[in-house]
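What follows is the residue order along each chain.
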Amino acid sequence: MYLYFKALHIIFIVTWFAGLFYMPRLLIYNTEAGSKPEEAKKVLREQFGIMMKRLWFGITWPSAILTLLLGLFVMWKGGWFEIFATQTWLHIKLIFVVFLYAYHFSLHVLLKKQLKGVFKYSSQQLRIWNELATIFLVAIVMIVVVKQNMSIVWGILGLLLFVIILMSAIKIYKIIRTKKKP
């Protein structure tokens, strides 16, 4: 039975991340709709609002809750609570998971604001915010798979290098996008 719950935990992690990856894209598109003519802006924002609500409340939130509940069950049934004190990798992973939930809540706040017509951030700022889910995913998966075989120093350096590459890619994409505009 334990393995079925573990499999479900992984499945809901995947669906949760699908929402975490797609929601910022919708926030970006909704923000960019503000530069369209009034009629198009109204139609686009109405459609994006529907899409965002369905994604967030129909997929992302339920997946986040089930991920947490199933994760706690897997830790309990797998004996992880007993070895928790001796496993540094597990502490680091759970710290990243806590920050991932904080990121989830930040997207919830951004969604609520946009649904009320408040657009505080530019599409470029949202593009950068969008990549946090990727950073969390890479960090958590590397920690879980590599565990004690990874040096903390090399892990941090690898993550920093990944972040630098990711942010450089965003910057390059912005340059390319800007050059394509008439």
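Residues numbered from 1 in each chain as written. Predicted model: local features only at pLDDT ≥ 70, side-chain atom pairs only at ≥ 80, totals over all residues. Heavy atoms only, no water.

### Notes on the pattern of salt bridges
So the rule is basically this: One speaks of a salt bridge when a side-chain nitrogen belonging to Lys or Arg is within 4 Å of a carboxyl oxygen belonging to Asp or Glu. Numbering of helices and strands runs from the N terminus; a helix is a DSSP stretch of H or I covering at least four residues, while a strand is a stretch of E covering at least two. When a residue's accessible area, from a 1.4 Å probe over protein chains only, is under 20% of the maximum for its type it is buried; when over 50% it is exposed; and in between it is partly exposed.
Taken as a whole, this structure holds 2 salt bridges when the rule is applied. Residue Arg 127 pairs with Glu 32 through a salt bridge whose shortest N-O separation is 3.1 Å. Residue Arg 127 is found in helix α5 (residues 123-130), and its partner Glu 32 is found in helix α1 (residues 2-32); the two are separated by 95 residues along the sequence. Overall, the relative accessible area of 6% leaves Arg 127 in the buried class.

### Observations regarding the nonpolar core
The condition is simple: In this description, a nonpolar core means a group of buried Ala, Val, Leu, Ile, Met, Phe, Trp, Tyr and Cys residues linked to one another through side-chain atoms lying within 4.5 Å. Contacts are assigned to residue pairs that have any heavy atoms within 4.5 Å of one another.
The biggest cluster of nonpolar side chains holds 30 residues, and the ones touching the most others in it are Leu 20, Met 23, Leu 27, Trp 56, Leu 100, Tyr 103 and Leu 107. At the level of elements, α1, α2 (38-77), α4 (88-115) and α6 (132-146) are the ones that each hand at least two residues to this core. Considering each element in turn, this core owes the most residues, 9 residues, to α4. Leaving out residues up to four positions away in the same chain, Met 23 has contacts with Met 52, Leu 55, Trp 56 and Leu 111.

### Side note on the confidence of the model for the chain
Interpretation of the predicted coordinates at a detailed level should be avoided for regions scoring low in pLDDT. Our working definition: As a per-residue measure, pLDDT reflects the predictor's confidence and takes values from 0 up to 100.
On average, residues of the chain score 92 in pLDDT, and 98% of them reach the 70 mark or higher. Confidence scores differ between elements of the chain, with helix α3 (residues 80-83) showing the lowest mean pLDDT of 77 and α1 the highest of 97.

### Details of the packing of α4 against α6
Put simply, the rule reads: All axes are obtained by fitting lines to C-alpha atoms, using only the stretch in contact for helices, and the reported angles, taken between N-to-C directions, cover 0 to 180 degrees. Convention used here: angles under 35 degrees read as roughly parallel, angles over 145 as roughly antiparallel, angles from 65 to 115 as roughly perpendicular, and any remaining angle as oblique. For a crossing to be left-handed, the near helix must be turned anticlockwise from the far one by less than a right angle; the clockwise case is right-handed. Under the scheme applied, nonpolar residues are Ala, Val, Leu, Ile, Met, Phe, Trp, Tyr, Cys and Pro; charged residues are Asp, Glu, Lys and Arg; polar residues are all the others, including Gly.
Close contact between α4 and α6 brings their axes to 9 Å; oriented N to C, the two are set at 160°. Considering the angle they form, α4 stands roughly antiparallel to α6. When you trace α4 past α6, the crossing you get is left-handed. Where α4 abuts α6, its residues Trp 89, Ile 92, Lys 93, Phe 96, Val 97, Phe 99, Leu 100 and Tyr 103 lie against Leu 132, Ala 133, Phe 136, Ala 139, Ile 140, Ile 143 and Val 144. Residues of the contact of α4 with α6, tallied by class, amount to 14 nonpolar, no polar and 1 charged.

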